[in-house]
Amino acid sequence: MIQKKICMLGSFAVGKTSLVRRFVESIFSETYHTTVGVKIDKKIVRIDGAEINLVLWDLYGDDDFQKIRWSYFQGSSGYLLVADGTRRATIDKAIELEERARKEIGAVPFVFVVNKCDLVDDWEFDPEMDARLAAKNWTVLRSSAKTGQGVDEAFSQLTRKIVG
Amino acid sequence: MLEPLSQFLRELGFVLLEYRGQGVFAMLSPAPAWLTEVWGISQGNDVEEIALSGKSPFLENFLLEADTFWNSNNKGLCESETWIEKSRSGREIPLEAIALQSQGKRLLAIHSPEPQFQERVQLLQTARNSLLDHERLQREIQKKEILLHCIIHDLSQPLSVMSAAFDCMTDEHVSDRGKGLLELGRKAGEQQLMMIRDILQVFSEDLKASLEAENKAESGANLLSCAKSVLNAFSPVYAAKSVRLLLDDRIDQDGQWPVRGEATRIERIFSNLLENALRYTPPSSKVTIGLVADGEFVRAYVDDEGPGLPSDLSQSQIFALFSKGNKGGGKAGLGLYFCRLTVERWGGTIGCESLPQKGSRFWFRLPRFKPQPATSLRTSEPVAAKSSRGALAPKRYPMRILLADDQSEIRMLTTHQLERSGHHVVAVANGQEAIDVLQHESFDVVLLDEDMPVMSGLQALQVIREHQKPSGPTVVIALTGYNSEPDRERLLRAGFDSVIGKPFRLDALDALVRGSSTTDLPPVEAEEAAPSLKTPVASLLDRVGGDEKLAHKMIATFLRDTPQRLSGIQKALGQKNGQNLASLAHALKGSVGIFGAHVARDCCQKLQDLGRANNFSEIPAVYDQLKEEIAQLEANLRGYAGRKLSPSPGASPKNKRRSSKL
């Protein structure tokens, strides 16, 4: 079976762990538990009839307390870039992280996931930003780890990008 | 390995392994409990070597780093971050690995750092929760400030017009019932105003932190320290985008840079400007922070090498609420807006310009910090209007007043009121227009609305102050929708001579303007919609509330100034200077209106209209008529000026003598 390593990248508290848990275990918790260190999960997906074993590296959020070690990306086939659609700063952070990733590990496939789309009242990701990222040829998806909306699609689209 | 040492390592949760190659390790110390839990390895007599290959993706990844380390013959250690493995029972166990070399052996120590790990998690959880709380608070504060803005402008501005309209209508000849209704409307307006003030008060309480920061501004801040602090914080972000962030090397590092303001908020201003610069500046370019002395101010600037300012956006649009760059670079359109609000609150100004070569400069300037004396401007008494000087610069009466307000209704009503008091008013729609007018005409008083497009009142004030003559400083009064006491003090600190909050009663504005004259001035003049049946003096006494002394002074002023005005009109006519003629006729119109001289006033109005239209063919006839009317008026006034006036004009027999003209 083909095995692909995927990293979760983004600011803290954007929902990286929640996305993985929703995708792997179909579980969601309202309580925010910060990730310290690295957690690794696996899930087998079927793309066009072929089974692929995804090894998901859930990395801690990059902030002043913990900086991303780019050595974790060694051997990774792609990454899910995650932002919180209710916090504009995390979208800027994602843009910054993508630039750093391109510099550190080269052009690796990724999908940009704007999470927490269930929080409509606080949503700060406007169509203007959408258009701006589309102009960069980014694949941008909205997701909610809480409701499950867009989660499978995000991993599925990334896997398709990886296996080409 | 020595038995006590082995046991010691085991108790600490360590397992010491020697790498044999091919993913195989020899165990040099007993297996701790976690090793069994996670990978099912327990040390028995027959377990000397273990294969970790395939057991942990994280460890496999780390072994690549460790292998590089072992091959480098470097001294020291190569440590992994913490990673989490799940035990067979589902428990999450934190692990850390350390690679080292000793006596040519490639050693790997793996351990579980519990309970230190749990403490670390708790610490980071608290820190990140605090950050999230802080972000939430910031957003709430911004939302409230926006709401505050909306309350002031969306609710107060129409109220301002309503209030002024009621005031004017009260002066009209309306029935008692009509007056009652007008009073009802006026009271309802005042009630609504009080409610708005109550809401503002609630916000003031809620925004305690902001106010505290405001108070800290009294202690001043070092602008250079703020710039350096933000530069350090932003350097990594800039480096990530391959943009150099520098302090201008022309800055006097040993110089004193104390300014009015609070350090945290000044750093926020710098942060917003740097974020903005980074958004537009290309990779491999540089952004420079600079400071320069600017008289009583210190000017800070952020220069970038981006595309320069968008040609289709004015400065006021760039610093406006919700304004974002055309290329979608901005975020919520709040950053530069808050920079402007903050800087202006401290009596400073902010602006931007395209640089000659390439890029743009965003700058702000703040007053140099001077410790305030104990008797500051602060007062708890609610006041409708407040002056920093008490008595403003002495001027003549009637005065020449320049009014700048972007609201046409406010302009119309304020001009109407001031003109009825005899003043000559020029009204314009923004600060830039006011500056343009001031380049060609001089005024005794300038009324500037604080919040205007193109150029705000504060920006216009700075220009006026920079160019004013030391011998005759212009009296500048702020009209503002920000009605709190700190806002009044802020505007006074910024250099306004006086402040009047909107919505305002026109009589309060008139009183304030009149307070800037040395001569005793008439109170609000009654509307002269219909031709008056009273004599000029009776009309005047009506308007001054029977104050004969004041009436005498006003007559004297009129008799003294009018010939000069008439000759000015004649001169303008000879020069065919329509604008001057219109302006002088406008001023004279206000003066004759005080005496109820409707025909003379109509002549002035005609002259004003004809002058503005540069229609010089009809002017001589109207001017001749005006001279006749003025001559009659002067004769009438001179007759009264020499004797005591009756205390009650309405009861005077003279009032029964009617004049069709005067």
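Placed above this text is the structure.
Values in this document were obtained by computation on a predicted structure and should not be read as measured data. (Residues numbered from 1 in each chain as written. Chains lettered and ligands numbered in written order. Predicted model: local features only at pLDDT ≥ 70, side-chain atom pairs only at ≥ 80, totals over all residues. Heavy atoms only, no water.)

Asks: Help me understand the interface of chain A and chain B in this model?
Replies: A common way to report how large an interface is uses the accessible area buried once the components associate. Taken together, the contact pairs 39 residues of chain A with 38 residues of chain B. Carbon and sulfur atoms supply 53% of the area buried between chain A and chain B, which totals about 3100 Å² over both sides. In this assembly, chain A and chain B are joined by 4 salt bridges. One salt bridge in this structure joins Lys39(A) and Glu92(B), with 3.6 Å as the shortest N-O distance. (Contact = heavy atoms within 4.5 Å. Buried area = accessible area lost by both parts, 1.4 Å probe. Salt bridge = Lys/Arg side-chain N within 4 Å of Asp/Glu carboxyl O.)

Asks: What should I look at first to understand the packing of aromatic side chains in this one?
Replies: In this description, an aromatic ring pair is defined by two values, namely the gap between the centres and the angle between the planes. All chains considered together, the criterion is met by 17 aromatic pairs over all chains. An angle of 25° between the planes, with centres 5.8 Å apart, marks the rings of Trp57(A) and Phe58(B) as stacked. Here Phe58(B) lies in helix α3 (residues 57-72) and Trp57(A) lies in strand β3 (residues 50-58), a pairing that spans two chains. In this structure, Trp57(A) and Phe58(B) share a single accessibility class: buried. Relative to Phe25(B), the ring of Tyr19(B) lies with its centre 4.8 Å away and its plane at 45°, an arrangement referred to as tilted. Look at Tyr19(B) and you get buried, because its relative accessible area is 18%. Classification of Phe25(B) by relative accessible area gives buried; the value is 0%. Put simply, the rings of Trp70(A), Phe73(A), Tyr79(A), Phe110(A), Phe112(A), Phe125(A) and Trp138(A) pair up and form one aromatic cluster. Sitting over the face of the ring of Phe23(A), Lys43(A) holds its NZ or CZ atom 4.6 Å from the ring centroid. We note Arg400(B) situated over the ring of Phe443(B); from NZ or CZ to the ring centre the distance is 4.9 Å. (Phe/Tyr/Trp six-rings, centres within 6.5 Å; stacked < 30°, edge-to-face > 60°. Helix = DSSP H or I, 4+ residues; strand = E, 2+ residues; numbered from the N terminus. Buried < 20%, exposed > 50% of the residue type's maximum accessible area, 1.4 Å probe, protein only. Lys NZ or Arg CZ within 6 Å of the ring centre and 35° of its normal.)

Asks: Honestly, the pattern of salt bridges in this entry has me stumped. Any pointers?
Replies: Side chains bearing opposite charge may pair, as long as their charged atoms lie close to each other. With the rule as written, the count across this model stands at 33 salt bridges over all chains. Note that Arg87(A) is salt-bridged to Glu135(B), the shortest N-O span being 2.7 Å. Linking Arg87(A) in the loop between β4 (78-84) and α2 (88-105) with Glu135(B) in helix α4 (residues 116-171), this pair reaches from one chain into another. On the basis of relative accessible area, Arg87(A) is assigned to the buried category, the value being 3%. For Glu135(B), a relative accessible area of 22% puts it in the partly exposed group. For Arg299(B), the salt bridge goes to Asp294(B), with nearest N and O atoms at 3.0 Å.

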